[in-house]
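Fold and geometry: a report
Okay, here's what each chain looks like letter by letter:
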Amino acid sequence: FLTGCVMAIDSVTITNGETLTIKLGEKVQLTATKTTGIIETITWQSFGECVSVDSNGLITGVNEGTASVIATAGYYSDAIEIIVESEKEETDFNF
């Protein structure tokens with residue numbers, strides 16, 4: 001029986017899937033889970049100029065294109081590909 005023992009994490013998983021498509025200007029909350037550990041907090045990073053991400057995993061589509069967002073805790077991380085599309089105007093061809 002151990003007291004005061006804290007176990008390290010085994011993995012980090014982004015629960016929104018592997019790929020997510022959003023619109024330009026849209027905000028989406030990403031979530032990540034970690035198993036076993038309680039020490040490390042999850043940090044978020046965006047790679048690419050299409051998406052911004054805050055410290056809580058809230059992403060915003062800022063430019064059209066593709067970017068990767070990575071959640072990291074300790075030595076473990078997971079990534080999601082974010083595709084940002086423009087808002088397309090619908091054309092009404094009814095005359």
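Residues numbered from 1 in each chain as written. Predicted model: local features only at pLDDT ≥ 70, side-chain atom pairs only at ≥ 80, totals over all residues. Heavy atoms only, no water.

**Observations regarding the side chain of Thr60**
For Thr60, the location among the structural elements is in strand E7 (residues 58-61). Residue Thr60 is classed as buried on the basis of its relative accessible area, which comes to 13%. In terms of polar contacts, Thr60 uses its side chain to reach the side chain of Lys27, at 3.3 Å. Leave out the neighbours within four places in its chain, and Thr60 touches Ile22, Gly25, Glu26, Lys27, Cys50, Val51 and Ser52. (Helix = DSSP H or I, 4+ residues; strand = E, 2+ residues; numbered from the N terminus. Buried < 20%, exposed > 50% of the residue type's maximum accessible area, 1.4 Å probe, protein only. Polar contact = N/O pair within 3.5 Å; in protein donor to acceptor, adjacent residues only side chain to side chain. Contact = heavy atoms within 4.5 Å.)

**As for the pairing of strand E9 (residues 76-85)**
Sheet analysis places strand E2 (residues 19-23) next to E9, joined by 5 bridges and oriented parallel. Residue pairing for E9: Thr21 is matched across the bridge by Ile83. Note: strand E8 (residues 65-73) against E9, 9 bridges, orientation antiparallel. When the bridges of E9 are listed, Ala67 appears paired with Ile82. Here E8 hands over to E9 after 2 residues, with Gly74 in that stretch at a positive phi of 65 degrees. (Pairing = 2+ DSSP bridges.)

**Some details on the confidence of the model for the chain**
When pLDDT is averaged along the chain, the result is 86, and 80% of the positions lie at 70 or above. Across residues 1-5 the pLDDT falls below 50, and counting only partners more than four positions away or on other chains, this stretch makes 0 contacts in the model. (pLDDT = per-residue confidence, 0-100.)

**Section: the sheet that holds E9**
With mixed pairing, 4 strands are arranged side by side in an open sheet as E2-E9-E8-E5. Two strands lie at the open edges of the sheet, namely E2 and strand E5 (43-47), each paired on one side alone. Each strand of the sheet is rotated relative to its neighbour by a mean of 30 degrees, with strand direction disregarded. (Axes fitted to C-alpha atoms, helices over the stretch in contact; angles between N-to-C directions.)

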